[in-house]
Amino acid sequence: MRESGEMAEPTSHARPPRAVKLFVGQIPRSFNEDQIRAIFEEYGPVHEVVVIRDKSTEASKGCAFVIYTSRGDADRAIQTLNNLRCIPP
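Residues numbered from 1 in each chain as written. Predicted model: local features only at pLDDT ≥ 70, side-chain atom pairs only at ≥ 80, totals over all residues. Heavy atoms only, no water.

Engineer: Would you mind going over helix 2 (residues 71-81) with me for this structure?
Structural biologist: Since there are 3.6 residues in each turn of an α-helix, residues three or four apart along the chain are aligned in direction. All buried positions along helix 2 are accounted for by Asp 73, Ala 74, Ala 77 and Leu 81. The buried residues of helix 2 occupy an angular sector of 100° when the element is viewed end-on, so they sit on one face. Turned more than 90 degrees from where helix 2 packs its buried face, Arg 71 and Gln 79 sit exposed. Here the buried face of helix 2 lies against strand 1 (20-24), helix 1 (33-40) and strand 3 (60-68). Remark: Asn 83 follows helix 2 within two positions and exhibits a positive phi of approximately 60°. (Buried < 20%, exposed > 50% of the residue type's maximum accessible area, 1.4 Å probe, protein only. Helix = DSSP H or I, 4+ residues; strand = E, 2+ residues; numbered from the N terminus. Arc of directions from axis to C-beta. Contact = heavy atoms within 4.5 Å.)

Engineer: Sorry if this is basic, but what is going on with the pairing of strand 1 here?
Structural biologist: Burial along strand 1 is one-sided: Val 20, Leu 22 and Val 24 are buried, and none of Lys 21 and Phe 23, which face the opposite way, are. Pairing between strand 1 and strand 3: 5 bridges, direction antiparallel. Its bridge partner lying in strand 3, Lys 21 is registered against Ile 67. (Pairing = 2+ DSSP bridges.)

Engineer: Help me out: how do you make sense of the sheet that holds strand 2 (residues 46-53) in this one?
Structural biologist: Adjacent strands of a sheet pair through backbone hydrogen bonds, lying either parallel or antiparallel. The 3 strands are arranged 1-3-2 in an open sheet whose pairing can be described as antiparallel. A single partner strand is all that each edge strand has here, and the edge strands are strand 1 and strand 2. In this sheet, neighbouring strand axes are inclined to one another by 20° on average, regardless of whether the strands run parallel or antiparallel. Taken together, the 6 bridges between strand 2 and strand 3 define a ladder with antiparallel strand orientation. Pairing of Val 50 across the sheet is with Phe 65, part of strand 3. Helix 1 rests against strand 1, strand 2 and strand 3 of the sheet, and its axis sits at about 135° to strand 2. (Axes fitted to C-alpha atoms, helices over the stretch in contact; angles between N-to-C directions.)

By themselves these figures say nothing about function.
Pasting the structure below:
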């Protein structure tokens, strides 16, 4: 706990202070977090990848969030991948 009585966030999942969260669509539903991370880590360190899944079936909805540790890395990924790279199904 912090002195003010607030609970501190767990350090293992704490988002870096300059982190940038990207929404990524049109991902093959067969892709998992590790496969998506491998593509996006070409542009810089990725803090976290979260595939959006159906609550009842847990099947991928074909989109994800990718959290970069810096804006520069996120911008580089956007410039390179946005409407330019097609991931085969």
